[in-house]
Amino acid sequence: MSSLRPFCLTTRLAASAAALLLLLSPVSQSRAQAQTAQATPAPAQAANPAQTTVAATQPSAQQRGVTARAIDKVKEVAKSAGDIFSRVPCLAPKGGSKAMGSLPHVAAKLVAGKPVVIVAFGSSSTAGYGASSPEFNYPNRLAAQLRRKYPTADITVINAGIGGEDAPEMMKRLQKEVIDVHPDLVIWQVGTNAVLRNLDPGDTAKLVEDGISHIQAAGGADIVLVDPQYSPAVNQRAESAGKMVKLLGKVAELRHVGIFPRFEVMRDWHEKQAIPVESFVIADGLHMNDWGYACFAQLLGDDIIRSVGQIQLGVNVPADVRAYRPM
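Owing to the predicted nature of the structure, the values given are computational and were not obtained by experimental measurement. (Residues numbered from 1 in each chain as written. Predicted model: local features only at pLDDT ≥ 70, side-chain atom pairs only at ≥ 80, totals over all residues. Heavy atoms only, no water.)

S.K.: So what exactly am I meant to see when it comes to helix α4 (residues 104–112) here?
M.R.: Each α-helix turn comprises 3.6 residues. Residues three or four places apart therefore point the same way. Within α4, burial applies to Val 106, Ala 107 and Leu 110. For α4, the buried positions fall inside an angular range of 100° around the axis, keeping them on one side. In the core, the buried residues of α4 are packed alongside β3 (116–122), β4 (155–161), β5 (185–189), β6 (222–226) and α13 (290–312). Immediately downstream of α4, the backbone of Gly 113 shows phi near 75°, a positive value. (Buried < 20%, exposed > 50% of the residue type's maximum accessible area, 1.4 Å probe, protein only. Helix = DSSP H or I, 4+ residues; strand = E, 2+ residues; numbered from the N terminus. Arc of directions from axis to C-beta. Contact = heavy atoms within 4.5 Å.)

S.K.: What exactly am I supposed to notice about unusual backbone geometry here?
M.R.: In terms of backbone geometry, most residues other than glycine have negative phi values and most peptide bonds are trans. The phi angle at His 182 is positive, at roughly 60°, despite the residue not being glycine. Secondary-structure assignment places His 182 in the loop between α7 (167–177) and β5. According to the relative accessible area criterion, His 182 is exposed, its value standing at 61%. Backbone geometry places His 256, a non-glycine residue, at a positive phi of 60°. Mapped onto the fold, His 256 is located in the loop between α11 (238–255) and β7 (258–260).

S.K.: For this particular structure, what's the right way to read the packing of α4 against α13?
M.R.: The relative placement of two packed helices comes down to the angle between their axes together with the axis-to-axis distance. Remark: α4 packs on α13, axes separated minimally by 8 Å, with the N-to-C direction vectors making an angle of 70°. Judged by the angle between their axes, α4 and α13 are roughly perpendicular. In this structure, α4 contributes Pro 104, Ala 107, Ala 108, Leu 110 and Val 111 to the contact, and α13 contributes Ser 307, Val 308, Ile 311 and Gln 312. Here the contact of α4 with α13 is built from residues that sort into seven nonpolar, two polar and no charged. (Axes fitted to C-alpha atoms, helices over the stretch in contact; angles between N-to-C directions. Parallel < 35°, antiparallel > 145°, perpendicular 65-115°, else oblique. Nonpolar A, V, L, I, M, F, W, Y, C, P; charged D, E, K, R; others polar.)

S.K.: What am I meant to see in the environment of Ile 275 here?
M.R.: In this structure, Ile 275 sits in the loop between α12 (262–271) and α13. A relative accessible area of 7% means that Ile 275 is categorised as buried. Along the primary structure Ile 275 and Val 88 are separated by 187 residues, whereas in three dimensions their C-alpha atoms are 8.4 Å apart. Discounting chain neighbours no more than four positions away, the residues touching Ile 275 are Val 88, Trp 269, His 270, Phe 280 and Trp 291.

S.K.: Could you clarify how one ought to interpret the packing of α12 against α13 in this entry?
M.R.: The N-to-C vectors of α12 and α13 enclose an angle of 120°; their axes lie 12 Å apart at closest approach. Comparing the axis directions of α12 and α13 gives the class oblique. As α12 packs across α13, the resulting crossing turns out to be right-handed. In this structure, α12 contributes Arg 262, Val 265 and Trp 269 to the contact, and α13 contributes Trp 291, Gly 292, Cys 295, Phe 296 and Leu 299. (Left-handed = near helix turned anticlockwise from the far one by under 90°.)

S.K.: Is there a simple way to explain the pairing of β6 in this structure?
M.R.: For a regular strand, the rule is simple: side chains alternate between the two faces of the sheet. Counting buried positions along β6 gives five out of five residues, so the element sits mostly inside the fold. In β6, alternate side chains face the same way, and those of Asp 222, Val 224 and Val 226 on one face and Ile 223 and Leu 225 on the other are all buried. Pairing of β5 with β6 involves five bridges; the strand directions are parallel. Across the sheet, residue Leu 185 finds its bridge partner in β6, namely Asp 222. Pairing between β6 and β7: three bridges, direction parallel. When the bridges of β7 are listed, Val 226 appears paired with Phe 260. (Pairing = 2+ DSSP bridges.)

Right, here's the structure in full:
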């Protein structure tokens, strides 16, 4: 698989220093700071071009220092982004991963060149805890991949992840942060915190099924569930984790939605591809690192792109078809 191209950032010296520093700040898990990744951001227009020229040509010494440090840091992060897959290649499982099924709603919009809104709904794995920069969380990685594939498309990826939550808390904000946004695709990462909190997997599955029915009734957005991660903290509760993975798969089948088998994919990294766990999980034994988020986003994006190809060919594979094939 080819390397992810480093992200590009255009600055206007002092006017953009604050934005660059914000990009480099730690990932916030608060609802007010949920991140939105725009696949085709429009450059801001200056109200007064002459003033902009003066500011650009005569920045203060302090502004030059702040801007230079921010630009240097961005260059370092960009280089790291380009190096991620050259250090450890992101390879899909071979022959053991279930098909996610097609995503007809979002795929049809991409084929038609219409604006697309994707909501990444979940907990700290979605917010990006463990990533070295917001640029490296999975929603931003996914947005970048789709932008490269569909450079003329207007794609918005909204990060609606809040650390520590699971289905009970997510259901309380489902209407406002998912349904009211009118998304074309909802990627719902759920189940990990329920396992860690010893919640009944059956209760979680029932809440998720109810949430899916509400989303479907509101407008028919495509839905992809993302099950728990394979990591030491989750594996300590192997029985509960196994039940959660199985039940979420069953819910996806019954409700005819897609599922990205994150647990299975990450287990393949370690057990079949012989990648050390510390290569994709940070020191807390739970959250993914930059490489883990990047590879997760890459494989998920590949499935979305594949679905667009199916629509272009006139093929619509239902999400509940679970034929085994290489991802």
